[in-house]
Amino acid sequence: MDSGPLVPAGKPGLAEIQPASFDFAQSAATRFYPELTSQESALGEYIRVLIKRKWTVLGFLLTIFSVVAIASLKMTPVYEASGSIEINKPDSDLVNFNNSPTFSLDYYDPTELETEVMILQSDLLALQVIKQLGLDRRAEFGGKAAMLPSASLDLTPDPLQADPARTSALVSSFRNNLKVTLSPNTHIIKVSFRSPDKELTATVVNTLMSTYAENNFKSRFDSTMQASDWLSKQLVDLQMKVETSQEKLVRYQKEHEMLGIDEKQNITTEKLDELNKELTAAESERMEKESVYRLAQGDPESIASASNTLSTAIMAGPTGSSLLETLRAKAADVEIQVAELSTQFGPAYPKVAQLNDQLREINSQILSETRKAAGKIRDEYMAALQRENMLRDALEKQKQEANKLNESSIQYSILKRDLDSYRQLYEGLMEKMKEAGVSAGLKSNNFRIVDVARAPTAPVEPNIPRNLAFGLMLGLTSGVALAFLLEGLDNTVRTTEQAQMISGLASLGMIPLGSRAARAGANAKRLVIATSKEAVELITQVRPQSQMAESYRALRTSLLLSNLGSPPKVIMITSALPQEGKTTTSINCAVVLAQKGVRVLLIDADLRRPSIHKTLGMAPQSGLSNVLTGSATLEQVITRSSVLPNLSILPAGTPPPNPAELLASSDMRNVLDEVRGQYDHIVVDTPPALSVTDAVVLSPRADSIVLVIRSGHTTKQALRRSRDIFMQVNAKVSGVLLNAVDLSSPDYYYYYEYQGKYSRYYRDDEAHDEDGDDREATDATSSSA
């Protein structure tokens, strides 16, 4: 049950419960919505960096934008004129070989249009335009040397000769300003040229297009004349080849008697097909009769069934299979009668003897008929075999005759094909030669100038709006990149989120630097107690309504709520490095604990550089080191505060030569055990953990350890190393306290949004009590002393 007031009367203590409730809500959101929380955290981090480095981004943006603007305004205006050429289908009246079986040209092939584009960009055409317009005497193409009268070039367009260095530079400059493009899905080529002279741009484009069309017509005319001359020479050779081929074909027909080869060849082929079909049928018939013959030889009793199979071809008649079956049926009846009479009258009965004689006669007839049927089967098989052999011999003879005819036909076909080819080629060339004679004098061109270039009215470069937009985007992108680069190079801890992420420990709160008005006033050095090296005010006692006082109360709440079952008694305050505010935190933490009405002991365990007695205005006296060495007792060195009766102070005492050994001794353990029974909370101020080992050897005996770090001062490596040191000795580190936080920094822009309606209380109080705070601070310091 708290006996002391948590906050002054009339003011709500929302700042004290804020960190605990805020951390609980944040942990719950992280637990149930991890993906959403991570996305919001990343977005918030980006916004924080941009707000923090806004002047860097704006400065870089203005610099690049200014450079681009100045460079654009100083650029020489460049004009561009454009014209277009249409490429039509070649005139069908001119000499071409589109219908020839040897040549095949498709003018609408895209590669043909690309070829014309390359011709327009060729060095030969460029040199012709340069010579025609005298561009070699213009400074923009040839430099200073071009202005001299003696610097004129010999621009004879001979592609077989190597261009001199100056001619190559002139052509390169011309081509850099020339742009030839093919319009998509059309046969129109666009030609553009750039120059500071607006009149020259149109002149160059028109001259280039007219020269290109003239060269094309000239090349087509020369090609037509060359084709006509070549055709005249080839016609003589083709005529001789046609005559020779015809003579060879006629002579070959006479030698091989191949008149009417087509009809004769058809008869031979048909006869060969007929013989092949008959041979196939004969082989089938022979195999069928052979199977019957083999069956009759192996099993005489199966002759009747074989006779039934070939009854239509072999045994169809009264002596055939019907007679044999009748005899066998009659023999079966007689056998039945013999068996019945023998059973009834015995074998000696005269009728039985008569039936036996009849049965023998019938069996003799069956045997005779069986031999006759077997003979007929053999005769039919031999006849089928002989017919098959005769057909095979006839087929072989017909094959030889067909092969002989084919051999003669192959040579005949070759000679006839040569004759037809020469004749067709001769007739085609004769026709083309007549066309060439007519078209050589015609001026027909498949290139037409669609748009003539005109002098432009406005320059295309510099494009000031585009350049400024580019400069704006480049400056903004570079500024943002630089901002994130600088943020990445910042190796210090600035926010509680960074401290939690780096150390893996809970955030116990943060201590602000104080209001801007307080830091800028005459008492700035004394009010900013979190960073002061000299006398520090007891701000939690002197200004209980300030943000800093509320922050220390929030730290008290975090410590007491960290273990609700048994709040920690021995609370050790330490830091990673010096000058991080651990002593100030120890004093104010003891004060806010004592304000609850519980008994609190503040121990200065920094035996190397003690400062609590100086901060509280106490004279040098005996303290903890004297108790540990046995020169004093606890009752002699513990001093009770006059401002807070519940607060007692145990100073460090005389600096010993071996402070680490004293703090690790059993006497120190006995001192802590003794004060545990006398006080509700013991706040221990220790040296920095990374500087000396005093805090490390004392940490296992503490119920709770508060690791103080300074915003923008403590490095990430120092925080990790401090955590690792305490974890190695199994110390109970409750969390990290972020000290000297500048709430006006963009790192804490969200803090103003959360604290907006509560910060008015603090600003009003500080403005109202500005004159009286110094007097209260002086009185409080004197009273505590």
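Residues numbered from 1 in each chain as written. Predicted model: local features only at pLDDT ≥ 70, side-chain atom pairs only at ≥ 80, totals over all residues. Heavy atoms only, no water.

Enquirer: Would you mind going over the overall build of the protein with me for this structure?
Expert: Counting its secondary structure elements, the protein contains 28 helices and 12 strands. Each of the 785 residues in the protein was classed as buried or not, and the buried ones make up 41%. Sequence separation of at least 24 residues holds for 81% of the intrachain contacts in the protein that already meet a minimum separation of 6. Of the roughly 42900 Å² of accessible surface on the protein, a fraction of 55% belongs to carbon and sulfur atoms. (Helix = DSSP H or I, 4+ residues; strand = E, 2+ residues; numbered from the N terminus. Buried < 20%, exposed > 50% of the residue type's maximum accessible area, 1.4 Å probe, protein only. Contact = heavy atoms within 4.5 Å. Areas by Shrake-Rupley, 256 points an atom, 1.4 Å probe, with all protein chains shown as cover.)

Enquirer: Just to check I follow, could you spell out the sheet that holds strand β1 (residues 79-87) for this structure?
Expert: If you walk across this open sheet you meet the 4 strands as β2-β3-β1-β4, and the pairing is antiparallel. Edge positions in the sheet fall to β2 (178-182) and β4 (447-451), since each of these pairs with one other strand and no more. Averaged over neighbouring strand pairs, the angle between their axes works out to 25° when direction is ignored. Two strands pair when backbone bridges link them, and β2 and strand β3 (residues 188-195) are joined in this way by 5 bridges, in the antiparallel orientation. Opposite T181, over in β3, you have K190 as the bridge partner. Against the sheet, helix α7 (residues 165-177) engages β2 and β3, with an angle of about 50° to β2. (Pairing = 2+ DSSP bridges. Axes fitted to C-alpha atoms, helices over the stretch in contact; angles between N-to-C directions.)

Enquirer: Honestly, the packing of helix α3 (residues 54-74) against helix α13 (residues 464-489) in this entry has me stumped. Any pointers?
Expert: Relative orientation and spacing of two packed helices are given, respectively, by the angle between their axes and the distance between those axes. Closest axis-to-axis distance for the α3/α13 pair is 7 Å, and the angle between their directions is 150°. Between α3 and α13, the angle is such that the two are roughly antiparallel. Where α3 crosses over α13, the handedness of that crossing is right-handed. Of the residues that constitute the contact of α3 with α13, the class distribution is 17 nonpolar, 7 polar and no charged. (Parallel < 35°, antiparallel > 145°, perpendicular 65-115°, else oblique. Left-handed = near helix turned anticlockwise from the far one by under 90°. Nonpolar A, V, L, I, M, F, W, Y, C, P; charged D, E, K, R; others polar.)

Enquirer: For this particular structure, what's the right way to read helix α4 (residues 110-120)?
Expert: Residues separated by three or four positions in an α-helix point in the same direction, a consequence of the helix having 3.6 residues per turn. When we look at burial in α4, the residues that qualify are L113, E116, V117 and L120. Down the axis, α4 shows its buried residues gathered within 105° of arc, on one side only. (Arc of directions from axis to C-beta.)

Enquirer: When you look at the packing of aromatic side chains in this model, what are you seeing that I'm missing?
Expert: Both the distance between ring centres and the angle between the ring planes are used here to describe each pair of aromatic rings. In the structure shown here, the tally under the stated rule is 2 aromatic pairs. With a centroid separation of 5.9 Å and 80° between ring planes, the pair formed by Y46 and F484 is classed as edge-to-face. Pair noted here: Y46 is in helix α2 (residues 34-52) and F484 is in helix α13, with a separation of 438 residues, a long-range link. Taking 5.2 Å as the distance between ring centres and 35° as the angle between the ring planes, the aromatic pair formed by F174 and F193 counts as tilted. Separated by 19 residues along the polypeptide, F174 in helix α7 and F193 in strand β3 bring together distant segments of the chain. (Phe/Tyr/Trp six-rings, centres within 6.5 Å; stacked < 30°, edge-to-face > 60°.)

Enquirer: Help me out: how do you make sense of a negative patch on the surface in this one?
Expert: A surface patch of like charges, here negative, comprises E270, D273, E274 and E278. Here D273 lies in helix α9 (residues 261-298). (Patch = residues over 30% accessible without salt bridge, like charges linked within 9 Å, V, L, I, M, F, W, Y side chains within 5 Å. Salt bridge = Lys/Arg side-chain N within 4 Å of Asp/Glu carboxyl O. Lys, Arg positive; Asp, Glu negative; His and termini not counted. Charge placed at Lys NZ, Arg CZ, Asp CG, Glu CD.)

Enquirer: Which parts of the structure should I look at to understand the packing of helix α14 (residues 496-503) against helix α26 (residues 716-728)?
Expert: Contact pair α14 / α26: the axes reach a minimum separation of 9 Å and the direction vectors enclose 50°. Classed by the angle they form, the pair α14 and α26 counts as oblique. Judged by the sense of rotation from one axis to the other, the crossing of α14 with α26 is right-handed. Here A499, I502 and S503 of α14 come into contact with α26, specifically with K716, L719, R720 and R723. Of the residues in the contact of α14 with α26, the class split is 3 nonpolar, 1 polar and 3 charged.

Enquirer: Where do I start with unusual backbone geometry in this structure?
Expert: Most peptide bonds take the trans configuration, and most residues that are not glycine carry a negative phi. Of the consecutive residues E461 and P462, the connecting peptide bond is found in the cis state with omega at 0°. Relative to the elements of secondary structure, P462 occurs in the loop between β4 and α13. At N730, a residue that is not glycine, the phi angle is positive and equals roughly 60°. Mapped onto the elements of the fold, N730 is located in the loop between α26 and β12 (733-741). Residues other than glycine seldom take positive phi values, yet A740 does so here, at roughly 55°. Secondary-structure assignment places A740 in strand β12.

Enquirer: Just checking my understanding: could you explain the environment of M225 for this structure?
Expert: Topologically, M225 is positioned in helix α8 (residues 198-256). With relative accessibility at 32%, the residue M225 sits in the partly exposed group. Along the sequence, M225 and M433 sit 208 residues apart, while their C-alpha atoms lie 10.0 Å from each other.

Enquirer: What's the story with the confidence of the model for the protein in this structure? I'm lost.
Expert: Detailed reading of predicted coordinates is not advised where the pLDDT is low. Scored by pLDDT, the protein comes out at a mean of 76, with 74% of its residues at no less than 70. Mean pLDDT across the secondary structure elements of the protein bottoms out at helix α16 (residues 524-527), with 33, and peaks at strand β10 (residues 681-685), with 95. A low-confidence stretch, residues 1-36 stays under pLDDT 50, and its non-local contacts, those more than four residues away or across chains, total 46 contacts. Scored below 50 in pLDDT, residues 756-785 makes 33 contacts in the model with residues more than four places away or belonging to other chains. (pLDDT = per-residue confidence, 0-100.)

Enquirer: It is not clear to me how helix α19 (residues 582-594) should be interpreted in this structure. Could you clarify?
Expert: Look at α19: 18 Å from first C-alpha to last across 13 residues, which is about the 18 Å you get at 1.5 Å a residue. Burial analysis of α19 places 13 of its 13 residues in the buried class, the great majority of the element. (Expected span 1.5 Å × (residues − 1).)

Enquirer: Looking at this structure, I do not really get the pattern of salt bridges. What am I missing?
Expert: Opposite charge on two side chains lets them pair, provided their charged atoms get close. In this structure the tally under the stated criterion is 20 salt bridges. Among the salt bridges present, the one from R494 reaches D490, with a minimum N-O distance of 2.6 Å. The class of R494 is partly exposed, set by a relative accessible area of 23%. One continuous salt-bridge network, built from bridges that share partners, spans K52, R53, E487, D490 and R494.

Enquirer: Sorry if this is basic, but what is going on with the pairing of strand β6 (residues 570-575) here?
Expert: Every regular strand shows the same layout, with side chains that alternate between the two sheet faces. Of all 6 residues making up β6, 6 are buried, and the element is well covered by its neighbours. By the alternation rule, side chains of β6 split into V570, M572 and T574 and I571, I573 and S575, which are all buried. Here 4 bridges tie β6 to β10, and the two strands are oriented parallel to one another. Considered in β10, the bridge of V570 is made with I682.

Enquirer: I would appreciate a short explanation of the side chain of S665 in the present structure.
Expert: Turning to its location among the elements, S665 is positioned in the loop between α23 (659-663) and α24 (666-676). Within the local environment of S665, its side chain forms a polar contact with the backbone oxygen of L662, the two atoms lying 2.5 Å apart. (Polar contact = N/O pair within 3.5 Å; in protein donor to acceptor, adjacent residues only side chain to side chain.)

Enquirer: I keep staring at the environment of E116 and nothing clicks. Help me out?
Expert: Within the secondary structure layout, E116 lies in helix α4. Overall, the relative accessible area of 10% leaves E116 in the buried class.

Enquirer: Just to check I follow, could you spell out the nonpolar core for this structure?
Expert: The nonpolar side chains of a soluble globular protein tend to be buried, and buried together. Formed by 44 residues in total, the largest nonpolar core has its most connected members in L624 and F726. If we skip the residues at most four places from it in the chain, L624 touches I603, D604, A605, L607, L650, P651, A652, G653, L663, M668 and V671. Core analysis: the next-biggest nonpolar cluster, separate from the first, contains 30 residues, A81, F174, V205 and F447 among them. (Core = buried A, V, L, I, M, F, W, Y, C linked by side-chain atoms within 4.5 Å.)

Enquirer: How do you make sense of a nonpolar patch on the surface when you look at a structure like this?
Expert: Together, L43, Y46, I47, L50, I51 and F484 make up a nonpolar patch on the protein surface, roughly 500 Å² of accessible area in all. The greatest single-element share of the nonpolar patch, amounting to 5 residues, is contributed by α2. Among the structural elements, L50 can be located in helix α2. Given the relative accessible area of 34%, L50 is considered partly exposed.

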